[in-house]
Amino acid sequence: MSDDLHDYRQRLRSWLADNIDRYEGEDPDLGADISPERVAQARRIQAKLYDAGYAGFTFPKEYGGQGLTPDHERVYLEEVVGYHVPTRLFGVSINILGATVAEFGTHEQKARHVPRILRGEELWLQLLSEPGGGSDLAGLLMSAVRDGDNYVVNGQKIWSSGAHFADFAICPVRTDWNVPKHKGISVLIVDLRAPGVEVRRIKQVNGEAHFCEEFFTDVLVPASNLIGEENEGWRVLRGLLAIEHAWVGRGGAKRPDFRQDVNDMVALAKAQGLADDVGVRRRVTDLHVGLQVQRWTSDRVSRAVAHHGFHHDYGSLLKLGNDDLSLRGGELGLALAGADGLTWDLADNAGGAWAHAYLTSRSAPIGGGTTEILRNNVSEKVLGLPREQSVDRDVPFNQVPHN
Ligand SMILES: Cc1cc2nc3c(=O)[nH]c(=O)nc-3n(C[C@H](O)[C@H](O)[C@H](O)COP(=O)(O)OP(=O)(O)OC[C@H]3O[C@@H](n4cnc5c(N)ncnc54)[C@H](O)[C@@H]3O)c2cc1C
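Residues numbered from 1 in each chain as written. Predicted model: local features only at pLDDT ≥ 70, side-chain atom pairs only at ≥ 80, totals over all residues.

A.B. asks: Is there a simple way to explain unusual backbone geometry in this structure?
C.D. replies: One can expect most non-glycine residues to show negative phi and most peptide bonds to be in trans. Phi angles above zero are rare outside glycine, and W159 is one such case at about 65°. Along the chain, W159 turns up in strand β3 (residues 150-161). Judged by C-beta crowding, with 21 C-beta atoms within 10 Å, W159 ranks as buried. Phi at D218 takes a positive value of approximately 45°, unusual for a residue other than glycine. Of the residues examined, D218 has 11 C-beta atoms within 10 Å and is grouped as exposed. (Helix = DSSP H or I, 4+ residues; strand = E, 2+ residues; numbered from the N terminus. Buried ≥ 20, exposed ≤ 12 C-beta atoms within 10 Å, placed from the backbone.)

A.B. asks: Would you explain the site of the ligand in this entry?
C.D. replies: The environment of the ligand is made up of 20 residues, and the closest members are L128, G134, S135, G367 and T370. Elements supplying a minimum of two residues to the shell around the ligand: β1 (124-126), β3 and α11 (371-382). A breakdown of the residues in the shell around the ligand according to their chemical character gives six nonpolar, 12 polar and two charged. Mapped onto the domain boundaries, the shell around the ligand takes at least three residues apiece from domain 2 (126-233) and domain 3 (257-382). (Near = placed C-beta within 6 Å. Nonpolar A, V, L, I, M, F, W, Y, C, P; charged D, E, K, R; others polar. Domains from an automatic or database assignment.)

A.B. asks: Just to check I follow, could you spell out helix α8 (residues 278-307) for this structure?
C.D. replies: Each full turn of the α-helix corresponds to 3.6 residues, which orients residues three or four apart in the same direction. Here α8 spans 43 Å end to end across 30 residues, near enough to the 44 Å set by a 1.5 Å rise per residue. At the exit of α8 stands G309, carrying a positive phi of roughly 75°. (Expected span 1.5 Å × (residues − 1).)

Encoded structure:
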């Protein structure tokens, strides 16, 4: 580690100790049913971090960022473990959507939104998936018609994480139905409190309700909220997804203290009297090795993207690795919990927490793009293999059968 990073870590460490509370037990940044009070508190902490220079590490200084390297961000993520900071609540808003606006937005959009996103004043989410399917993002049906200085938007989105407390969204819409599907999409910035936007929550199998569905009825969106050119939104979406895969893959969506996960498994194995079981020892060790390899791979890929011109699509490799580890961790925890894991009571830490972790782990290979789609992405964009066959690629979208 360079001296610069070493100094940075020391400064950060003492600032955290002086300014941010530590927590014991459950991470207050996690959990589904986040109350408005907790969101307000998280915004205050994020503002404090921003004001001290600990937000937007790799974002340009011109737009409120720090202009630092991914290594500084990694040091930050390592040091904040155990501190009450809203890394997860603002994760998507800052690292995917703020990063997308910073890369593809107009100067006005960047100046208006990026500092507020980094400070937590604006919480953003992505309205990509629709009831007709999420993998075929280019097949979206939400419509936007230009009317003077506005677009009039109608349609439905679904599976939107945290829409019930978010402020703005990046929302792809169809602006031309007479051209093939990839060529008639535009990307809008949508105010989720605009008249005509109805947000409903969805309850999940793990008992949480972190998703929503949104119904748009004649919602007026200013034309100045267009990101990129009209009908050229596919380029923006490809960029957004690549940014997302890279961020999820390098562990951004979860706490970076990989050892802690394995330590939890070891503690559970001991509590269950399984610590000497050869099979258990092998599975825990395999998970530990997998997590370490993922971490090193993540470092290599992040550096290659940041410093050596590798395309963001390499991030898909990281998300694939992360998805596999999530499934393995969920399965191992449940196996170690044994019959306790079937009690399925969140208040029962002996088993309920492991059942909950298992059910939640099943979402990893779906959210942010399924495993199958990511493998297609790797084969086409990273390995340069032939494209997946498509029957609707060159057909005008209004001639493609839907639903
Ligand atoms: C935790 C979590 C958070 C999420 N957050 C958001 C969010 O904030 N915003 C948002 O917009 N969406 C969000 N989603 C939705 C997510 O993006 C979609 O669920 C995902 O893209 C898959 O879409 P789908 O569920 O419609 O499945 P479908 O697209 O209908 O796919 C069904 C199955 O078919 C397979 N399949 C589809 N096409 C192909 C193909 N070409 N080749 C091979 N297999 C294929 C898929 O892999 C999958 O197994 C979230 C999902 C999860 C689990």
